[in-house]
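Notes for the structure review
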Amino acid sequence: RDRVLIVAPLFHSLGLQILALPAIYAGASLVIQDGFDADRVWETIEAEEITYLGAVPTAHRLLLDALERRGGSVPRSVRFFFTAGAAAPTPLIRAYHAHGLGLIQGYGQTETSLLTCLDADRALAKAGSVGRPLPLCEIRVVEPATADGPVEQWRDVAVGEVGEVVVRGRVTMLGYWQR
């Protein structure tokens, strides 16, 4: 029953791997909009009874501004919005929730697709988090100085320290074309 609006380009992992392909696999309907215009997105959401969309935080900021210009009423069909591609500021997440709309954040890489996601029930309480690792992948944050060496020599960073994200699992790509 979901109707997914895709405003991210299909050459990017957000548009294709995170939004379009899972929706097709699940039997959802896709509405693909050429280019991004916040006011046109809201018009499409209403006209097509969209249940969710995903976009980068910059687009979500523009969507929130457009929503407020329209009076702040979220169409009933919308279940949630998804954001990835950069860290979503906590005030942006809270502003969406103030309109009764969950903004769920995820994290991924082009070479892996989506790695983590925060479930809708915890999106506000854990605003700023990208959630827990998804099935089919293992994630570690290791000391950058050890990341280029053999896996056996990697050292995990302590909580709160900066490190290098490393991934293993069936979600990782096999390699670059002819490389």
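Further up the page is the structure itself.
To keep things clear, this report deals only with the structure shown in the data block. (Residues numbered from 1 in each chain as written. Predicted model: local features only at pLDDT ≥ 70, side-chain atom pairs only at ≥ 80, totals over all residues. Heavy atoms only, no water.)

Before going further, it helps to examine unusual backbone geometry. Comment: phi is negative for the bulk of residues other than glycine, and the bulk of peptide bonds are trans. Backbone geometry places E49, a non-glycine residue, at a positive phi of 50 degrees. Even without glycine at this site, L136 takes up a positive phi of about 80 degrees. Along the chain, L136 turns up in the loop between β7 (132–133) and β8 (137–142). (Helix = DSSP H or I, 4+ residues; strand = E, 2+ residues; numbered from the N terminus.)

With that settled, the discussion passes to helix α1 (residues 13–26). Largest kink in α1: about 30 degrees, centred on A20, with the proline P22 one to four residues after it. Restricting attention to buried positions, one finds in α1 the residues S13, L14, G15, I18, L19, A20 and A23. Packed against the buried residues of α1 are β1 (3–6), β2 (29–32), β3 (52–55), β4 (80–83) and β6 (113–117). Positive phi appears at G27, one or two residues downstream of α1, with a value of about 85 degrees. (Bend = angle between axes of the 7 residues up to and from the residue. Buried < 20%, exposed > 50% of the residue type's maximum accessible area, 1.4 Å probe, protein only. Contact = heavy atoms within 4.5 Å.)

Membership of the largest hydrophobic core comes to 26 residues, with the highest contact counts inside it found for L5, W42, I45, L53, L63, F81 and Y96. Of all the secondary-structure elements, those providing two or more residues to this core are α2 (38–48), β3, α3 (57–69) and α4 (90–98). Element by element, the count of residues in this core is highest for α3, at 5 residues. Setting aside its immediate chain neighbours within four residues, L63 contacts F36, A38, V41, W42, L53, F81 and Y96. Residues A23, Y52, F80 and F82 belong to the second largest nonpolar core, which totals 17 residues. (Core = buried A, V, L, I, M, F, W, Y, C linked by side-chain atoms within 4.5 Å.)

Moving on to the sheet that holds β2. The strand order across the open sheet built from 7 strands is β2-β1-β3-β4-β5-β6-β7, with neighbouring strands paired in mixed fashion. Looking at the sheet topology across the chains shown, the edges are occupied by β2 and β7. The pairing of β1 with β2 spans 4 bridges and is classified as parallel. When the bridges of β2 are listed, I6 appears paired with I32. Sheet contacts for α4: β4 and β5 (102–109); angle to β5, the most-contacted strand, approximately 145 degrees. (Pairing = 2+ DSSP bridges. Axes fitted to C-alpha atoms, helices over the stretch in contact; angles between N-to-C directions.)

Let us look at the pattern of salt bridges. Side chains carrying opposite charge are able to pair once their charged atoms draw close together. Counted under the stated rule, the structure contains 8 salt bridges. Here R79 ties to D2 by a salt bridge, and the two come within 3.0 Å at their closest N and O atoms. Taken together, the residues R79 in the loop between α3 and β4 and D2 in the segment before β1 connect sequence positions 77 residues apart. Note that E138 is salt-bridged to R168, the shortest N-O span being 2.8 Å. In this pair, E138 sits in strand β8 while R168 sits in strand β9 (residues 164–169), placing the two residues 30 residues apart along the sequence. A relative accessible area of 46% means that E138 is categorised as partly exposed. (Salt bridge = Lys/Arg side-chain N within 4 Å of Asp/Glu carboxyl O.)

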